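Structural features, examined
These are the residues of each chain, in order.
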Amino acid sequence: MHCENPLPDSGQGAPRPTVGAIARAHGQAFQGKHALSEHQRKTLRALGACRTQVLGGRAEVCEKCGEEQVVFLSCRNRTCPQCQALTQARWLESRMARLLPTDYFHVVFTVPDDLLAELAMRNRELFFNALFAAGSQTLMALGEDDRRLGAQLAITAVLHTWTRDLRFHPHLHCIVTGGGLSRDGQWRATKQDYLFPVSVLSALFRGKLISALDEAYKSGRLNTSGVHSLDRVADPDVAWRRLRRRLHGTKWVSYAKRPFAGPKSVFQYLGRYTHRVGLSNQRLIAASDEAVTFRTRGDATATLHPHEFLRRFLLHVLPPGFVKLRHYGLLAPSNVNGKLVAARALLEARLPTAQPNPLKPTIADKPLPDWRTLLLRLTGIDPTVCRRCGGPLVSRPLPKPILRDTS
């Protein structure tokens, strides 16, 4: 097998494997054997270049002891597992001011992969948008139903497309308030450990998503070519009607987890989902020129040929510019300076103590800490001082980057 940059055996004392190292070792050969979109090609190049001399960087020099360390720049690609920590931290900083002092639930919407995975792959943007619409409309409709809550919820939804072994599995994670603002301006809370019946969630979500796909099919916007479940019937309209009946007759899995321990833990928990990519470098166990092994769940592992590993990883590159994290209800942009403020005021008035709510009662954006402050907060490492002697560091730029792909 030809490898541009052969990987060292990941034995004792060997460097920890990374997705970037695998991309550098096998990316060129992989591209020669697989048809990729231009966006996937850009992502693969970015992964391989991240934190290498290809992107340039700077030298950090201690003014006291002269110690010098070279720091290479990051690719900032949103699919890169090395580039999400600071982005996630900045997002959490900006979102904490919008957190309400109430219960929150974690709701997950999934689809039957055996029937819809191929269709979703060929209609990624359309299907993902339909998934967001069906999930958010389901929660909003149940929340506003006077027989259930009769109030507008606050919802944050994030798209994931993977299983633990990197197979394609589009699904939606939603963080939902355990209550909402009623039409007469009152806060109505759900039961402490209950949001909505799971069977109702699943059935309503199923109906809304099938309806959206059916509308796309009838308007000619849905690409059904190459979908195995549809190609077996000569008449495409007959094939579509059969698939639609099978979808209606299949039980879809949606569920609501138990409420969080408290509102402060919500976005810290959600932060692990908002900027997560298909696989983190921490899950990689070993990588060689013949195999990549990574953790799946618990002590279980998966081992794939490097080309299959890259193929699966690139399945989860989202369409250019696609927004994978969206807000609805009280958190919709049109409501954050009105209804959300009113909801917070009602909830703060119910707090059992006279102590001020630690969550700011304003939605106005505040200046975010710079990357040095965030890095110190996340890792305990101060990037302005020398790790050897504690002296001040000065930066000296290295040659200008020759590649800067942030797609």
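Keep in mind it's a predicted model, so treat the numbers as computed, not measured.

1. Overview of the sheet that holds strand 8 (residues 187-189)
Taken in spatial order, the three strands line up as 4-7-8 in an open sheet, and their pairing is antiparallel. Each edge of the open sheet carries a strand with a single partner, namely strand 4 (151-152) and strand 8. Relative to strand 7 (residues 179-182), strand 4 runs antiparallel, the two sharing two bridges. When the bridges of strand 7 are listed, Gln 152 appears paired with Leu 181.

2. Thoughts on the layout of surface pockets
Considering only enclosed or pocket space, the second largest pocket measures out at about 270 Å³ in volume. Around the second largest pocket sit 16 residues that line it, and Ser 37, Gln 40, Arg 124, Leu 314 and Leu 315 are the ones nearest its centre. Among the residues forming the lining of the second largest pocket, the class breakdown is ten nonpolar, four polar and two charged.

3. Details of unusual backbone geometry
Within the chain, Arg 51 stands out as a residue other than glycine whose phi angle is a positive 55°. Considering the arrangement of structural elements, one finds Arg 51 in the loop between helix 2 (38-49) and strand 1 (57-62). The backbone of Arg 76 sits at a positive phi, close to 65°, despite the residue not being glycine. As for its position among the elements, Arg 76 is in the loop between strand 2 (68-72) and helix 3 (85-95). Arg 76 sits in the exposed class, given a relative accessible area of 59%.

4. Digging into a positive patch on the surface
A surface patch of like charges, here positive, comprises Arg 164, Lys 257, Arg 276 and Arg 297. Examined against the element boundaries, Arg 297 turns out to sit in the loop between strand 11 (292-295) and strand 12 (301-304).

5. As for the packing of aromatic side chains
Taken as a whole and judged by the stated rule, the model has eight aromatic pairs. Between Phe 128 and Phe 168, the aromatic rings sit 6.5 Å apart at their centres with planes inclined by 40°, giving tilted as the arrangement. Taken together, the positions of Phe 128 in helix 5 (residues 124-144) and Phe 168 in strand 6 (residues 168-177) put the pair 40 residues apart, joining distant regions of the chain. The burial state of Phe 128 is the same as that of Phe 168; both residues are buried. Seen from their ring centres, Tyr 217 and Trp 240 are 4.8 Å apart, and the 10° between their planes marks the pair as stacked. You can see Tyr 217 sitting in helix 6 (residues 198-218) and its partner Trp 240 sitting in helix 8 (residues 236-249), a full 23 residues away along the chain. Judged by its relative accessible area of 16%, Tyr 217 falls in the buried class. Under the relative-accessibility criterion, Trp 240 is labelled buried at 3%. Through successive ring pairs, a cluster of aromatic residues spans Phe 128, Phe 132, Phe 168 and Phe 322. In this structure, Lys 191 packs its charged tip against the face of Tyr 194, placed 5.8 Å from the ring centre. We note Arg 326 situated over the ring of Phe 132; from NZ or CZ to the ring centre the distance is 4.2 Å.

6. Notes on the pattern of salt bridges
Counted by the stated rule, this structure contains twelve salt bridges. A salt bridge links Arg 388 to Glu 67; the shortest N-O distance between them is 2.9 Å. Of this pair, Arg 388 sits in the loop between helix 12 (371-379) and strand 14 (393-397) while Glu 67 sits in the loop between strand 1 and strand 2; the two residues are 321 residues apart in sequence, bridging distant segments of the chain. Overall, the relative accessible area of 62% leaves Arg 388 in the exposed class.

The rules behind the values
Residues numbered from 1 in each chain as written. Predicted model: local features only at pLDDT ≥ 70, side-chain atom pairs only at ≥ 80, totals over all residues. Heavy atoms only, no water. Pairing = 2+ DSSP bridges. Helix = DSSP H or I, 4+ residues; strand = E, 2+ residues; numbered from the N terminus. 1 Å grid on protein atoms, 1.4 Å probe; cavity = no way out; pocket = protein on both sides within 12 Å on 5 of 7 lines; lining within 4 Å. Points joined across faces, edges and corners; volume = space filled by probe spheres on them. Nonpolar A, V, L, I, M, F, W, Y, C, P; charged D, E, K, R; others polar. Buried < 20%, exposed > 50% of the residue type's maximum accessible area, 1.4 Å probe, protein only. Patch = residues over 30% accessible without salt bridge, like charges linked within 9 Å, V, L, I, M, F, W, Y side chains within 5 Å. Areas by Shrake-Rupley, 256 points an atom, 1.4 Å probe, with all protein chains shown as cover. Salt bridge = Lys/Arg side-chain N within 4 Å of Asp/Glu carboxyl O. Lys, Arg positive; Asp, Glu negative; His and termini not counted. Charge placed at Lys NZ, Arg CZ, Asp CG, Glu CD. Phe/Tyr/Trp six-rings, centres within 6.5 Å; stacked < 30°, edge-to-face > 60°. Lys NZ or Arg CZ within 6 Å of the ring centre and 35° of its normal.

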